[in-house]
Amino acid sequence: MKTSRKNPIRKPSSERYAVGRGLKARLIGFLIFSAASFVLLGFYVHRVQQENEKAASQYVLGRKLGKAKEIPYRRGDILDRNGTYLTTTEKRYQMTVSPRDLLSPADRDKYYDCTVNALTDFFGLPENELRKQIEENSTSQSLKVGAPLSPEDRLRYLDFKEHINRLGDYEAKKKKEDPSYEGFTEEQKTRYKGLVGADALNDYYERSYPYGELACNVLGFYRSYDDRRVGVTGIEQYYNSQLSGTDGLRYRYMDASGDTESVTREPQDGNSVVSTIDIKVQQSVERHIKEYMETTGAENIGVIVMNPNNGEILALATNHPFDLNDPGNLQKYYSVNALKQMTSEEATQKLWNNFCVSSIIEPGSTAKIFTIAGALENGVINGNETYNCTGEVDVQGTLIHCNKRTGHGVVDVTGALEQSCNVALVRIAQKLGRENFQKTQNLYGFGVSSGIDLPGEPDTSSQIHVLNPPEGMDRRRLGPVELATDSFGQGFGCNMIQLAAAFSSVINGGSYYRPHVVKQVLNSQGTVIKDYGAELVRETCSQETSLFLRKALRGVVTNGTGDAAEVVGYEIAGKTGTSEKWPRNKKNYLLSFCGYAPANNPQVLCYVVVDQPHVKDQAHSTFASVLFQNIMADILPSLNVFPGEAPSAEATPLLEGIHEGIASGREEAVAGGSGETAASSEGAAETSAAAESGTAEISTAAESAAAESSAKRKSAESRTESASTARR
């Protein structure tokens, strides 16, 4: 069966290639969008060009506005307890010029010669040298010129500059004020042809010390290190954060409309501190140290004067003062040969060392009162015991000598302190026992920080003997021999501040106050914002023990080794010390006297240490006692401590006599050079609190010892609140 296909009907070509209505609409839309995009793109490009032009102009203007300028804060002052300024902080102005601007082709003819001539004339500088400096630093924008200016000199310079830059108006104004005014000569007008410019006076504060060397170890100094301003040593370092402020800022900026605005953030000045130092007492102490060095001399001398009832340090000085305005000037204090023997750093550290705080010493017999206090507090003695001193005592094969080799005979506890009998102290310590002795030392702050608010106090935990020393530190073990020598202050180490604070607690009724050199902090308006009152750390002994020891310490001066410390018209009490230094066979001694007045009502304590006096026979505490006597005689009236009943002591030896090695009449010198607390060992190794590294676990022991001692006090409950208040 045949099938047939029908041919499709062909459309005309015009119909076959015709664009549909939808597609045509899309094409038109695309063309319109493209045209609009080109218009928008052109607008955007135009806008970017405008913005870039504005940004470029703002950049140029910003360069003209210059960098933000710091406004320096004023560092707080340091005052003595009576309001005398021990530091001064004054504004100064440093001239700088911009060599880049002065030498620029656009400004050179107008500013360079005139500015150089003006500056050389005003500051008195060599013109050729200034031109050379400017040309050698042609890219710099800040070159220092001349010495800093005071506020008065700054005004003179600004007036001089105005005279040059506004010559006609300036001289017309001056002639109107004073018809006789002549103005510049023709030669000057020729010399100052042009304008003074590209200069700036940058203000800052300059720290200075009006009293130079006075109280240098207490104050410290302030200087710049690598653009950082910091306090170095003393109060300047310890209270740096209080004394420092915050710099202000002054800058200009452009607002949205392109106008310039000026903004100033004012600086915040530092706080001032009121120290506990009495400038008159400090001056007196330093004067007597200087006189002593001129007549007798010593390797080191340290003196601390403090209020035993609140821990305030009234004066602190050594025989190594340095000028706070020029602390790095080693040539002023060392000979050429001396400087050759040490590095610059060693010489500086030696000069700046605070002997009263940073140096460790063996205290000697001044420490005997703590052994007796511990024995009384623990009830192992009552003060009426007697001891037979034959001049030596054998402790497990080690023969320990008394300061009097022939012996003191029978002495009671008071007599043992008065005559500084080593044998009696050994017997007392043996009764006390090693455990209680260690607790007593911790109770009085030996081996722990005193808390003095001065930098440089060393860690003395490794300087005392303990029952359980760290591994490998057997030499620090508190054995029977160590107990014996430690009992009279030979064999363990402390610093002067520690002993002075501990001694104060014994004589003031048993209150250990943190020693400190700052009383108050004031804000920049002078308002007190922090008050450092008496900070009671712990109780050390009872009123009864304190009273017993005060009477005994008075006897040291009237009947014992301390008669050279007596001050006519006053009742002085205290304790002598003569410690033989290491190595023992060198026969070098550290002499000391820690005393106070009045004996029955302590108001002022003075602790004097003389390290190796420059005499042949050193082993006499009189070398320290006489310095104490001279200082106290001078300062007691100024501190309103008035004379009581005049003592009946003999005349005090003069320094000239001491220079010849004359000892106190009641302190017996022994052939062979043994002093008060010098101990010799026979058949056993020498013992000492060696300065080895390692830390004994004793920091918390102080508190536990304080608690146990308080529990053992037989009459601690009898203390009344009124007595405590009166004591403070």
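The structure this text deals with has already been given above.
This section reports on the structure supplied with the text. (Residues numbered from 1 in each chain as written. Predicted model: local features only at pLDDT ≥ 70, side-chain atom pairs only at ≥ 80, totals over all residues. Heavy atoms only, no water.)

Re the overall build of the protein
Inference 1: When helices and strands are tallied, the protein shows 26 helices and 23 strands.
Inference 2: The buried share of the protein, reckoned over its 728 residues, is 50%.
Inference 3: Considering only residue pairs separated by 6 or more positions, the protein has 74% of its internal contacts joining residues 24 or more positions apart.
Inference 4: As displayed, the protein has an accessible area near 35,400 Å², and 49% of this comes from carbon and sulfur atoms. (Helix = DSSP H or I, 4+ residues; strand = E, 2+ residues; numbered from the N terminus. Buried < 20%, exposed > 50% of the residue type's maximum accessible area, 1.4 Å probe, protein only. Contact = heavy atoms within 4.5 Å. Areas by Shrake-Rupley, 256 points an atom, 1.4 Å probe, with all protein chains shown as cover.)

Some details on the packing of helix α16 (residues 368-377) against helix α18 (residues 422-432)
Inference 1: In contact at an axis separation of 9 Å, α16 and α18 are set at 40 degrees when each is read in the N-to-C sense. The two elements α16 and α18 cross, and the hand of that crossing is left-handed. Facing K368, T371, I372, G374 and A375 of α16, the residues of α18 in contact are N422, L425, I428, A429 and L432.
Inference 2: Residue composition of the contact of α16 with α18, by class: six nonpolar, three polar and one charged. (Axes fitted to C-alpha atoms, helices over the stretch in contact; angles between N-to-C directions. Left-handed = near helix turned anticlockwise from the far one by under 90°. Nonpolar A, V, L, I, M, F, W, Y, C, P; charged D, E, K, R; others polar.)

Some words on the side chain of T545
Inference 1: With respect to the element layout, T545 can be found in helix α22 (residues 543-559).
Inference 2: The exposure class assigned to T545 is buried, which follows from its relative accessible area of 5%.

Describing the packing of aromatic side chains
Inference 1: Under the counting rule described, the total for this entry stands at 14 aromatic pairs.
Inference 2: Both rings, one in F184 and one in Y192, keep their centres 5.3 Å apart while their planes meet at 55 degrees; by these two values the pair is tilted.
Inference 3: Between the aromatic rings of F322 and W352, the centroid separation amounts to 6.3 Å while the plane-to-plane angle is 40 degrees, which identifies the pairing as tilted. In this pair, F322 sits in the loop between β12 (313-318) and α13 (336-340) while W352 sits in helix α14 (residues 344-352), placing the two residues 30 residues apart along the sequence. No difference in accessibility class separates F322 from W352, as the two residues are buried.
Inference 4: Three or more aromatic residues link up through ring pairs in this structure, and these residues are F122, F123, Y157, F160, F184 and Y192. (Phe/Tyr/Trp six-rings, centres within 6.5 Å; stacked < 30°, edge-to-face > 60°.)

So, the sheet that holds strand β1 (residues 69-71)
Inference 1: With respect to topology, three strands assemble into an open sheet ordered β1-β8-β9, the strand pairing being antiparallel. The open sheet has two edge strands, β1 and β9 (260-265), and neither has a second partner. Ignoring which end each strand starts from, the neighbouring axes of this sheet average 25 degrees apart.
Inference 2: Sheet analysis places strand β8 (residues 248-254) next to β9, joined by six bridges and oriented antiparallel. Pairing of R250 across the sheet is with T264, part of β9. (Pairing = 2+ DSSP bridges.)

Re the packing of helix α21 (residues 496-507) against α22
Inference 1: Between α21 and α22, the least distance of the axes is 8 Å, while the angle of their chain directions is 110 degrees. The pairing of α21 with α22 is recorded here as roughly perpendicular in orientation. Contacts between α21 and α22 pair F503, V506 and I507 from the former with S546, L549, R550 and L553 from the latter.
Inference 2: Classifying every residue of the contact of α21 with α22 by side-chain character gives five nonpolar, one polar and one charged. (Parallel < 35°, antiparallel > 145°, perpendicular 65-115°, else oblique.)

Observations regarding unusual backbone geometry
Inference 1: In this structure, the amide linkage connecting W582 to the following residue, P583, adopts the cis form with an omega of -10 degrees.
Inference 2: Its location among the elements puts P583 in the loop between β21 (573-580) and β22 (589-597).
Inference 3: Following A597, the chain continues into P598 via a peptide bond in cis, with omega recorded as -15 degrees.
Inference 4: Here P598 is to be found in the loop between β22 and β23 (604-613).
Inference 5: Of note, A198 is a non-glycine position whose phi angle comes to about 55 degrees, a positive value.
Inference 6: A relative accessible area of 29% places A198 in the partly exposed class.
Inference 7: With a phi angle near 60 degrees, T233 is a residue other than glycine that sits in the positive phi range.

Comments concerning the pairing of strand β18 (residues 518-522)
Inference 1: Where strand β10 (residues 272-275) lies against β18, four bridges are found, and the strand directions are antiparallel. Bridge pairing links V274 to Q520 in β18.
Inference 2: For β18 and strand β19 (residues 528-531), the ladder comprises three bridges, and the chain directions are antiparallel. Directly across from L522, in β19, lies its bridge partner V528.
Inference 3: The loop that links β18 with its antiparallel partner β19 comprises five residues; one of these, G526, has a positive phi angle of about 90 degrees.

So, the sheet that holds strand β5 (residues 199-208)
Inference 1: Here three strands make up an open sheet; going across it, the order is β4-β3-β5 and the pairing antiparallel. Two strands bound the open sheet, and with one partner strand each, they are β4 (143-149) and β5. Ignoring strand direction, the axes of neighbouring strands in this sheet form an average angle of 30 degrees.
Inference 2: The sheet contact formed by strand β3 (residues 88-97) and β4 spans four bridges and is antiparallel. Along β4, the bridge assignment pairs V97 with L143.

Here's the deal with helix α12 (residues 279-295)
Inference 1: With 17 residues, α12 should cover 24 Å at 1.5 Å per step; its first-to-last C-alpha distance of 24 Å lies within 8% of that length.
Inference 2: All buried positions along α12 are accounted for by I279, V281, Q282, S284, V285, H288, I289 and Y292.
Inference 3: Of the residues that open α12, the one with a side-chain oxygen 3.0 Å from the backbone nitrogen of K280 is D278.
Inference 4: Just downstream of α12 lies G297, where phi reads positive at about 85 degrees. (Expected span 1.5 Å × (residues − 1). Polar contact = N/O pair within 3.5 Å; in protein donor to acceptor, adjacent residues only side chain to side chain.)

Focus on the nonpolar core
Inference 1: In terms of nonpolar packing, the biggest core is built from 98 residues, with F370 and F503 touching the most fellow members.
Inference 2: Among the elements that line this core, the one with the most residues is α21, at nine residues.
Inference 3: Look past the residues within four positions of F370 in its chain and what remains in contact with it is T440, Y444, F446, L499, A502, F503 and V506.
Inference 4: Ranked by size, the runner-up nonpolar core spans 35 residues in total, among them V285, A298, A315 and C606. (Core = buried A, V, L, I, M, F, W, Y, C linked by side-chain atoms within 4.5 Å.)

A word on the pattern of salt bridges
Inference 1: Evaluated as defined, the whole model comprises 26 salt bridges.
Inference 2: Across the salt bridge formed by E162 and R166, the nearest N and O atoms sit 3.2 Å from each other.
Inference 3: In this structure, the salt-bridge partner of K587 is E580, at a minimum N-O distance of 3.5 Å.
Inference 4: The class for E580 is buried, based on a relative accessible area of 3%.
Inference 5: Look at the salt bridges and you will find they share partners, linking D113, D121, E127, R131 and R191 into a network. (Salt bridge = Lys/Arg side-chain N within 4 Å of Asp/Glu carboxyl O.)

Things to note about the side chain of R514
Inference 1: Here R514 is to be found in the loop between β17 (511-513) and β18.
Inference 2: For R514, a relative accessible area of 14% puts it in the buried group.
Inference 3: For R514, the side chain forms a polar contact with the side chain of E535, separated by 2.9 Å.
Inference 4: Those residues within four positions of R514 in sequence are excluded, and the remaining contacts are N310, G311, S450, G451, I452, D453, Y532, E535 and V537.

Some words on the environment of N600
Inference 1: Mapped onto the elements, N600 comes out in the loop between β22 and β23.
Inference 2: Taking the C-alpha atoms as reference, N600 lies 8.5 Å from R554; in sequence the two are 46 residues apart.

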